[in-house]
Amino acid sequence: MKRSIQHFFFASLAILAGMSTIGCSDGEPEFTEVKDLKDDLTIEELRTFFRIINALPEKKLPEMPSVFAPTPEWNRSRTLPVKELVNSEFESVVALWDVDSRAEKLEKNRQLARALRNEKMTSQQFIGLVLTIGTTLSRNTLHEDQSLDDVIERGEQEIAELRSDARTFSMLSEAGQYAVVEKATWITRTERARRLKLVPESNRRLVAKHAEKLSVVFPVWFIENPLDAVPDLRQEYGLPFEELPESGLDEHIEWTREDALIGRDKPTGL
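Since we're looking at a predicted model, the values are computed, not measured.

## Structural notes on the packing of aromatic side chains
Here comes step 1: Scanning all chains against the criterion turns up 8 aromatic pairs.
Here comes step 2: Residues F68 and F222 carry aromatic rings whose centres are separated by 6.1 Å and whose planes lie at 80 degrees to one another, so their mutual orientation is edge-to-face. Taken together, the positions of F68 in the loop between α2 (43-54) and α3 (82-95) and F222 in helix α11 (residues 220-223) put the pair 154 residues apart, joining distant regions of the chain.
Here comes step 3: Ring centres of W221 and F222 lie 4.4 Å apart, and the angle between their planes is 40 degrees; this geometry places the pair in the tilted category.
Here comes step 4: Residue W221 is classed as buried on the basis of its relative accessible area, which comes to 17%.
Here comes step 5: In textbook terms, an aromatic cluster arises when at least three aromatic residues are bridged by ring pairs, as seen for F49, F50, F68, W97, F126, F218, W221 and F222.
Here comes step 6: Geometry around W186 places R189 over its ring, the cationic atom sitting 4.2 Å from the centre.
Here comes step 7: Against the face of F50 rests K213, its NZ or CZ located 4.2 Å from the ring centre.

## A word on the pattern of salt bridges
Here comes step 1: In this structure the tally under the stated criterion is 15 salt bridges.
Here comes step 2: A salt bridge links D36 to K38, with the shortest nitrogen-to-oxygen separation between them at 3.2 Å.
Here comes step 3: With relative accessibility at 31%, the residue D36 sits in the partly exposed group.
Here comes step 4: Between E158 and R154 there is a salt bridge, with the nearest N and O atoms lying 2.7 Å from each other. In this pair, E158 and R154 both sit in helix α7 (residues 148-163), 4 residues apart, roughly one turn of the helix.
Here comes step 5: A relative accessible area of 7% means that E158 is categorised as buried.

The rules behind each value
- Residues numbered from 1 in each chain as written.
- Predicted model: local features only at pLDDT ≥ 70, side-chain atom pairs only at ≥ 80, totals over all residues.
- Heavy atoms only, no water.
- Phe/Tyr/Trp six-rings, centres within 6.5 Å; stacked < 30°, edge-to-face > 60°.
- Helix = DSSP H or I, 4+ residues; strand = E, 2+ residues; numbered from the N terminus.
- Buried < 20%, exposed > 50% of the residue type's maximum accessible area, 1.4 Å probe, protein only.
- Lys NZ or Arg CZ within 6 Å of the ring centre and 35° of its normal.
- Salt bridge = Lys/Arg side-chain N within 4 Å of Asp/Glu carboxyl O.

Geometric values such as these leave the question of function open.
Below, the structure written as structure tokens:
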């Protein structure tokens, strides 16, 4: 009886040990947590990243679309209200940061898949690491006078006005459409600033130490200043005025020949 109990005890331990190894075979990740932009980056994670890159034929990241959305370009015939175009634009901008969709596009890359198996890392984890390092590189390119808080504060004001604009875009004059699209540039500008603001200071210092090696690996859109590409024209170039609702818009100015004052003085000095 005693032997039977001992046999049952050890058999149970063997079963539990076997169950604990399910899903943890060679090449399969033990942890699947995906790194976020606000998470601290470690030197070991940086080393893992370089091992993966060095295992690829060209020793650089596979081609991928930029996470930084271009400025809005809305067709003049769009019949949606301005506020709905704004919501659609936001969805497009945010979608570029989606880890799952980016990981799915990399799954056909056999060399990368092999390198990730060796590091016991999922495609999603790799993308999360790429975005964390790359965004930190971008953050380190900002000028001292480029305040992310100022950009976000101003952008939220501009976007709030757009989200309350129920006018049909196609019914606006050419000048009116231009003004709306120019204001909608703040969607792009503000979203970039929000992502960059998430980067911890510790990540900036760590990435700065390895910037020379990383700049060869990452695409150019992570190496260039992301705010310089979408400047505020009035601030950068000192444009003399801005149309405001309280002062009236140029598109609402009406002119008739009957009301016009036409001078008839003879020219002098002839």
